[in-house]
Structures are given as C-alpha cells and as structure tokens.
Amino acid sequence: MKYSVRIIVIFLLSLLILAGCEENSKTSMVQSSEQGTNQESDSEGDVASSEESVIVMHKLYFDVNVTSSEDVFQNHSIELYLDEQPFHKFEDGKYYTELAEVEEGNHVISFKVDDAILNDLNQNVNVNADMSIVFTLGFNDSLDITSFGTSESIADSAIVYDSMENVALDKAIENLANKHFVNVRYESNDSTSILDTSEWLVVGQNVSPGSQLDKAEEIVLTCRKVYFQLYFDLSFDQNIFLATYDIEVYLDGEKIDTIPHGKNFTYSTKLKEGEHTATFYKSTDNKVFSEKKINITTDSTLSGRLHSNNKDIELNNFVLNNGIADTSFEVVNVVGMQLDKALSVLGGIGFTNVVKEPSDDIWMDSNWIVTAQSVSAGTKVDKNTKIVLNSVKKEAYLSSNYVSLNMNDAAKKAKALNNEILYVDYAKNMYMTNKISTMDENEKKLWIVKQASFNSEGKIQLDFIYTGMVEMPNLMANNLADALATLKNAEFSDVESKTQDGSYIWDNSDWKVVSQSVSAGTKVNANKKIVITVGKDDAVQATAQTSSSPVKEETQEDKLADEKDSLMKSDLSKESKDSIATDEQIDILMAQTEALLKTKEKDGIHSTIERDDKYVIVNLWKDGLTEAAVYVKEGQLPKSQWNDVIDGMTILSNAIYSNYKPYGINVMVNLLNNRNKENILASFYNGQKTYDVVDD
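Conventions and cut-offs
- Residues numbered from 1 in each chain as written.
- Predicted model: local features only at pLDDT ≥ 70, side-chain atom pairs only at ≥ 80, totals over all residues.
- Heavy atoms only, no water.
- Core = buried A, V, L, I, M, F, W, Y, C linked by side-chain atoms within 4.5 Å.
- Buried < 20%, exposed > 50% of the residue type's maximum accessible area, 1.4 Å probe, protein only.
- Helix = DSSP H or I, 4+ residues; strand = E, 2+ residues; numbered from the N terminus.
- Phe/Tyr/Trp six-rings, centres within 6.5 Å; stacked < 30°, edge-to-face > 60°.
- Lys NZ or Arg CZ within 6 Å of the ring centre and 35° of its normal.
- Pairing = 2+ DSSP bridges.
- Axes fitted to C-alpha atoms, helices over the stretch in contact; angles between N-to-C directions.
- Contact = heavy atoms within 4.5 Å.

Colleague: Even after reading the chapter, I still don't get the nonpolar core, so can you show me in this structure?
Modeller: One finds Tyr-397, Tyr-402, Ile-460, Leu-462, Phe-464 and Ile-532 to be the most contacted residues of the largest nonpolar core, which totals 37 residues. Of all the secondary structure elements, the ones that give two or more residues to this core are helix 6 (394-401), helix 7 (407-417), strand 30 (447-454), strand 31 (460-466), helix 10 (480-489) and strand 36 (530-535). Membership of the second largest hydrophobic core comes to 31 residues, among which are Ile-586, Val-618, Ala-629 and Val-693.

Colleague: Is there a simple way to think about the packing of aromatic side chains in this case?
Modeller: Here the distance between the centres and the angle between the planes together describe a pair of aromatic rings. Counting across every chain of the model gives 15 aromatic pairs. Summarising the aromatic geometry, the rings of Phe-111 and Phe-135 are spaced 5.7 Å apart at their centres and angled 80° between planes, so their arrangement reads as edge-to-face. In this pair, Phe-111 sits in strand 5 (residues 105-113) while Phe-135 sits in strand 8 (residues 131-139), placing the two residues 24 residues apart along the sequence. Just as Phe-111 is buried, Phe-135 falls in that class too. With centroids separated by 6.2 Å and ring planes inclined at 10°, the aromatic side chains of Phe-265 and Tyr-267 adopt a geometry described as stacked. When its relative accessible area of 4% is taken as the criterion, Phe-265 is described as buried. Grouping aromatic residues by their ring pairs yields a cluster made of Phe-111, Phe-135 and Phe-148. The ring of Trp-511 carries Lys-536 above its face, with NZ or CZ at 4.3 Å from the centroid.

Colleague: Looking at this structure, how should I read the sheet that holds strand 30?
Modeller: Two orientations exist for strands paired in a sheet by backbone hydrogen bonds: parallel and antiparallel. If you trace the 4 strands from one edge of the open sheet to the other, you get 29-28-31-30, paired in mixed fashion. Strands at the two margins of the open sheet, each flanked by one partner only, are strand 29 (430-431) and strand 30. In the sheet, strand 30 pairs with strand 31 via 7 bridges, with the strands oriented antiparallel. Bridging from a neighbouring strand, Ile-448 pairs with Ile-465 of strand 31.

Colleague: Before we go on, may I ask you to explain the sheet that holds strand 33 (residues 495-499) in this structure?
Modeller: If you trace the 3 strands from one edge of the open sheet to the other, you get 33-36-34, paired in mixed fashion. Two strands lie at the open edges of the sheet, namely strand 33 and strand 34 (512-516), each paired on one side alone. The average angle at which neighbouring strand axes cross in this sheet is 35°, direction not considered. Here strand 33 pairs with strand 36 via 5 bridges, running parallel. The residue bridging Glu-496 from the neighbouring strand is Val-531, located in strand 36. Across the face of the sheet, helix 10 comes into contact with strand 33, strand 34 and strand 36 while running at roughly 165° to strand 36.

What follows is the structure, encoded as structure tokens:
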C-alpha cells in the first residue's frame, strides 16, 4: 500500500539496466578499436544519462481532521488516492495522520466514495521538500473536503510525551493540547462521570514519559476526584429586640457572604479534600464569633441553625452530611394570584427568600394581587434565590383588567393573566355556565362586566350585565316583588324602586307599582336605569297606567317626593334628631350588622355590637394590630401600612352606617387594643374617623 515501496522497486530496476549497458560496452571494445573509440564516446553519454535519472525523495505527512460521525463509515466506503493509487481507507471518525516518502515533483490527491472517484475534489500538490498536507474531511449528504493546504513542516509526526501524573486534569488537557496531541481521553478511577475537569487529578497514564508519539496517538489519563462541592444550608433565628445583628461567613479565612439577621442562608462552593474551617462573625464586632471544623471527603451539605447573642453566636444542630441536599426547586407561575396565596405556594415548594413589592405599602397580603414575578415559571433555582413579587391592590387590579370588558375579551384577559374566572348574571345573581354554551360570539359581545371580585377560593367572579335591546314589560298594578322579578328575568340590571310618600319599603309584597319610568312595549337597552314608583293598595288609582298608556319619565309629584325624601334623610343624619325606627326595626338592623361582621372572622377580626339611647356601638379587634400601631409610632414600620388599616376601617364603618342612616340612627365603630380592650386604637362616627392613636 505504501507508495515508497513502489519507488524503491523502480530504482532497483534502473540499476540493473545500467549494469547491462556497461557489460555490452566491454564486449564491443575487444572486437574493434575503432568501435572502442566510438564506445568510449557512448560511455560518457551513458554516465551523464545515469546522473540525470537519480530520483529525489521527500517525506510527506498527512494531517487530517475527520469530523464525520461513526455511522457514516458503516454506510459508506471512503478512500484517499495518491496518484490514482489507493493510499488510505477511512474506517472511523478519528483524527488521521500518516508519514510517507514520495518522489519530488507534482502529485495528485483524489477521493473515492463507494465506487465513484470524485474528480471535482482532486488536489494537486508540488512536493519539493519535506512537508505536510493538512485538510478536514466531513460527510453529510456528500463528501466535503475543506481547509486543504500544505506546510513545510512534519514536526507533529514525532512529539515527546511528558508525564501528566499528579497534574490537575484540566491543566493536563491544556498541556497536551499545546503540544498538539489530538487524541486525549480521560476516565475516572471509580467509574463515575467526569463533569468538571478542574475537580480531578491525574493518577495514571497509558504512555511512558519520554516516548515519541504521533499527534494522533491515543493517550488515556486515569483520574481521581480531589475537589468537592460544599453546600451551606443554614437558618438564622430572628431576635425581636436584642442581638439583631447580621453575621459574616468566612471559609478558611476568606469572607464568602453576609447573612442578614433572621434570614435563611444557602451557598455553594468548591473545596479540595481535607480539613477546612467555617467561621461566623458578628458583623459589627469580630471578637464575637464561632467556628466549625469540617473534613471534606465527598460532596457535602453543612446544615444547622444560627442564634445570635450579645457575647457569642450559637451553632445549633450543625451537621455535615454526605451529598448535596436537594435545594433547587422549580418556580411556578403565581401571577394573577392573591399575594397571600402566592406566598403560600412558593413557601410550600421550599423557597425562603420571597420579597413583596411595593414593600412599604402592603399591609394585608390578601388585599393584593401578583402582577409580575422576577424569576420565570419553569426555572429551577436554589431555594434561597430572591424572588420578587410585584403586586397591586385588588380593586385596582380588577378595575383596570376586567370592568367594562365584554365576555369574549374578559376570557382572553383571564387567560393572559393566569386567572380562573366565574361568569355570573348580575341581574339574576346566578351562574351563567349553561347560558353561555348557547350563545354565539356576537351575543357574547353584548354582555359587559359590571363588577369583579375575588371569591373565598381565589377565583375571580365577573358579574355581567346585558346591554342588548329588550322590550319594557307592563308593570302597572303589579306587586313590587313580582315587578322586580319580571325586570330581572328581562335582564334589566339597574332598577330603583321608591314610594310615593318617601316611606321605607320593608316588604315588597305590600306595595303595588303606580308608575314606571319607561313605557311598556318600548325597546330599551337592558342597561338603562329603570325607576319604579310604588304605593299601597288604596293609593293605586283605578285609572292606573296599562301597558298601552304612556308613562312620563318622572312626574312633578315624584320630583316633590324626591326633594322631601332628600331633606328628610339629611335632617335624620343630625345627632339631635330622634330615631324614627321602632325597636323591632333596630333589632333587625343590628342582626344584619352582626351577620356582616361574622363574615370578617375568617380574617381574624372579632367583634361585639350593642346599643344605648343615642348610638349603635360596634367594637372590633384583631391580634397583632396593637403591636403594629406601636411599631408605626416608633418608626419601625412605615406609616403607609397603618393607613391601610384605617382605610379598611373607614370602608367598613361606612358600610355599617349606610344601613342605619335612613332611620336617623348614629353609629360608633371602634378599633380596640387587642391586649387591653378598655383602650381604643381608632374610632369612627357615622363613617368618619374621629380618633387615631398613631396620629394622637
């Protein structure tokens, strides 16, 4: 196969031919002197010819980078030809080198794939000195020869191998690459996978130091792992008043991090096998410290609990366990959740560093909705990775995202915000699941979100009103209860009922419709406000309107009644006005208030309700509010958090007072000190704040 063998055979044949010529010359000289003279002349010509036929040889080094995968050579026969003669057959995807001797002069390099010579890939090489041919061979759909070139050097054909034992594996790989070795393989001494070469030390090699190797010779390095991962998984007890300093963590005399007071701490580092020292210093006084000796023999987790004292730092339950604890978890999507639920979900997974924003404004987590998270869902991170949850108040979230959207757009918005929504018919106060299944897309556009709220399960309830055109029914002389039911069934969502004389309606069945603001039979938008005026049976005229008689939008009598009602209610709001409600009516109102307050118990709000001659008094308290007020007054908590409490109390006190106001009953709502209920934190009179301990 070697081209040099063919050259040597040709050379020997040439010598034999020359020897035969000399023997013939001697025979001719014996036969004739004249001929001898001529033969002498011929011999001089033969000498000159033999000198001209001397063959000059040079070394040629093939240096080929093979990039094709192994299966290519199982499916195809790929050969290299030199001067139309087979020279090398590729049988694998390894780097290929070969040193040969060729005649000086021009040579042709060609390639054969399967049974076809690829003439378009031929390369002409003029060999006039020792040299290397360098190229890259690849195969995808066809043979690909790139970076073909020559260099006047064959130095890589014989490289001296130096010992790599006791050298770090990453350094050994670098050293061998610098010497041009291209076939270096490494393996562990215990069959484990080598993922990070900087963690391993070479302890064996398959080649003796000092050997001369071709650059493609296989070199196998056997390695032992000597660097290991150390993972800190520590908790730091929180002190409320004393020793509230941070702790600085040092490893072998080098600072690695600072643990904020009361926070969990996780940290990963790489250490060489052997003994190491972890030291924990008080951040403001390095004379206060504790240390822990640890012996690293494998990947390990250091777990324990820190407790800060004025004179020392306690290291409780510090244990070095083999292996790395599973402290990386996948973040889930909490956007669109109530903040309290989002915190619970992430905390339940194991994340310990979840931050709320805007931190200074958030008081009750359940009143806020997550709008963005700093770490994307699906990302796997360490449990102590900081995850920031940006939030807005419920009211702003629902108002900006849902109110006034039609049914189609609301569904798209819910999908984008990761919200689960419930569809409710506002007028009928019932779920719309079955009704929606019969609607087409155009009809869905006529249903608009009137209001949105969160239910106890964290789902968003969307109350829809119908905005299509409907026919106004005839309500005249109908029982008020029946009239309201008729309007509800017709999808009217804005209905007001009032009496002729301005009196209060206790029982709808006691009243009859005497006028309606929209005439029967009129086509009107279902969202239009409908006003029904009612009277007692004896006030219903025999000439009451029928479905065919027109009704004025509002009579002069109605206007006078409205003015009287307004003046009366305004007067009743004064403290000096006696109540116009009976004791039985007041008892009913107080029972309704008590039922309202019962719904607040799930939020930890406790209450009592009582009555004296002038007021109905509601007392509320909740654990932790007294401490919060103290912290706000001392500047340890932002004032905005206490303002959230006052805003909530203002809304609640107004809601309570609105039920009593029509009867001239005054309402006092007090927020009590949960530690001593004889003291008041805040007080509200008829919905208005009159006292605030923080402002006092």
